[in-house]
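Now for the letters of each chain:
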Amino acid sequence: MKGSLSINQPVVRNAVNSYFLRASGKEQRFRIMSPYKLFPEARVLESQFDQIKKEVTELIAERHLPQYRDIDPIRAAEVSDNWRLYYAYMLGVPNPRAYRDCPTIVSFAERTPSVVNAFISILEPGVKLNAHNGPYAGILRYHLALKVPSTNPPKLRVDTEYHTWRERESVLIDDTFEHEVSNESDEDRIVLIIDIRRPMGFLRDKVNQASLRMKRKWSDQYIGSTNGDI
């Protein structure tokens, strides 16, 4: 509705983010962490690594996945036009094609209440994700490395901390901190990314769920067009 407040509006989002981060340690919160305490379901994903990698490898061989500029041109202008992504699940809505393309991922997302988004991230040789901050503090971002270059593997910087991916290994990051990565190798880096609701206690989690529902409502048209294209 015209004139209504939306979680996508900066003044609302900033207030919600501040409310969430006050309960998360503010600047003392972790940048990079092991996933298992906050996201124990990660072990289920990792137990299905071979099947997930098989599905993703076949998907990439079959189709040239869209670049970020084709999905979100405004955000891509800040981060990277050339980052390749495939959304299997966005804001609680499955991509219909994902039931065929990567059924293991979309099935996990649908069965796991804390999951917000699930997508495949491909960083081709020479592609850089510029330093940027995640816009919404209600999530934490899980990475499961599916393919990592053996020579000169890319490093992820989150604020002042660094992480180098290793195939089959996972990590959880707080992407509200400034972060960046550059692939200076000769191979693709492929990662499965799962966004989960930030654990914050009962009341803030209810606010988070309401905020995400509002975000999904305002994003329905975008989600529909994205799911049709990827």
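Residues numbered from 1 in each chain as written. Predicted model: local features only at pLDDT ≥ 70, side-chain atom pairs only at ≥ 80, totals over all residues. Heavy atoms only, no water.

**A short note on the sheet that holds strand 5 (residues 128-132)**
Sheet strands associate in pairs through backbone hydrogen bonding, adopting either a parallel or an antiparallel arrangement. What the 4 strands build is an open sheet, ordered 5-10-7-8; its pairing is antiparallel. The sheet is open, and its two borders are formed by strand 5 and strand 8 (161-164), each paired with just one other strand. Taking each pair of neighbouring strands and ignoring which way they run, the sheet shows an average axis angle of 20°. In terms of strand pairing, strand 7 (residues 155-158) meets strand 10 (residues 179-182) through 3 bridges, oriented antiparallel. Bridge pairing in strand 10 links Leu 156 to Val 181. (Pairing = 2+ DSSP bridges. Helix = DSSP H or I, 4+ residues; strand = E, 2+ residues; numbered from the N terminus. Axes fitted to C-alpha atoms, helices over the stretch in contact; angles between N-to-C directions.)

**Section: unusual backbone geometry**
Backbone geometry places Lys 26, a non-glycine residue, at a positive phi of 50°. A positive phi is found at Leu 91, a non-glycine position, where the angle reads about 50°. Relative to the assigned elements, Leu 91 resides in the loop between strand 2 (84-90) and strand 3 (93-94).

**A look at the pairing of strand 9 (residues 170-173)**
Here strand 9 shows two buried faces, one formed by Ser 170 and Leu 172 and the other by Val 171 and Ile 173. As paired strands, strand 1 (residues 32-33) and strand 9 are joined by 2 bridges and run antiparallel to one another. When the sheet's bridge partners are listed, Met 33 is paired in strand 9 with Leu 172. Pairing between strand 6 (residues 139-147) and strand 9: 4 bridges, direction antiparallel. Bridge pairing in strand 9 places Arg 141 opposite Ile 173. (Buried < 20%, exposed > 50% of the residue type's maximum accessible area, 1.4 Å probe, protein only.)

**Quick notes on the packing of helix 3 (residues 49-62) against helix 7 (residues 103-111)**
Direction vectors running N to C along helix 3 and helix 7 enclose 120°, while the axes themselves pass 8 Å from each other. As summarised for this structure, helix 3 and helix 7 are arranged oblique, according to the angle between their axes. Contacts between helix 3 and helix 7 involve Gln 51, Ile 52, Glu 55 and Val 56 from the former and Pro 103, Thr 104 and Ile 105 from the latter. Residue classes in the contact of helix 3 with helix 7 are distributed as 4 nonpolar, 2 polar and 1 charged. (Parallel < 35°, antiparallel > 145°, perpendicular 65-115°, else oblique. Contact = heavy atoms within 4.5 Å. Nonpolar A, V, L, I, M, F, W, Y, C, P; charged D, E, K, R; others polar.)

**Structural notes on the sheet that holds strand 4 (residues 115-123)**
Strand order in this open sheet of 7 strands is 1-9-6-11-4-2-3, and the pairing throughout is antiparallel. In the strand order of this sheet, the two ends are held by strand 1 and strand 3, each with one partner. In terms of strand pairing, strand 2 meets strand 3 through 2 bridges, oriented antiparallel. Across the sheet, the residue bridging to Met 90 is Val 93, located in strand 3. Its contacts with the sheet place helix 3 against strand 2, strand 4, strand 6 and strand 11 (189-197), and it is angled at close to 80° to strand 6.

**A look at the environment of Leu 21**
Its place among the elements puts Leu 21 in helix 1 (residues 10-22). Taking relative accessible area as the criterion, Leu 21 reaches 18% and is therefore assigned buried. With 146 residues separating them in the primary sequence, Leu 21 and Glu 167 have C-alpha atoms 31 Å apart. For Leu 21, the contacting residues outside a window of four places in its chain are Lys 26, Arg 29, Ala 137, Thr 176 and Arg 198.

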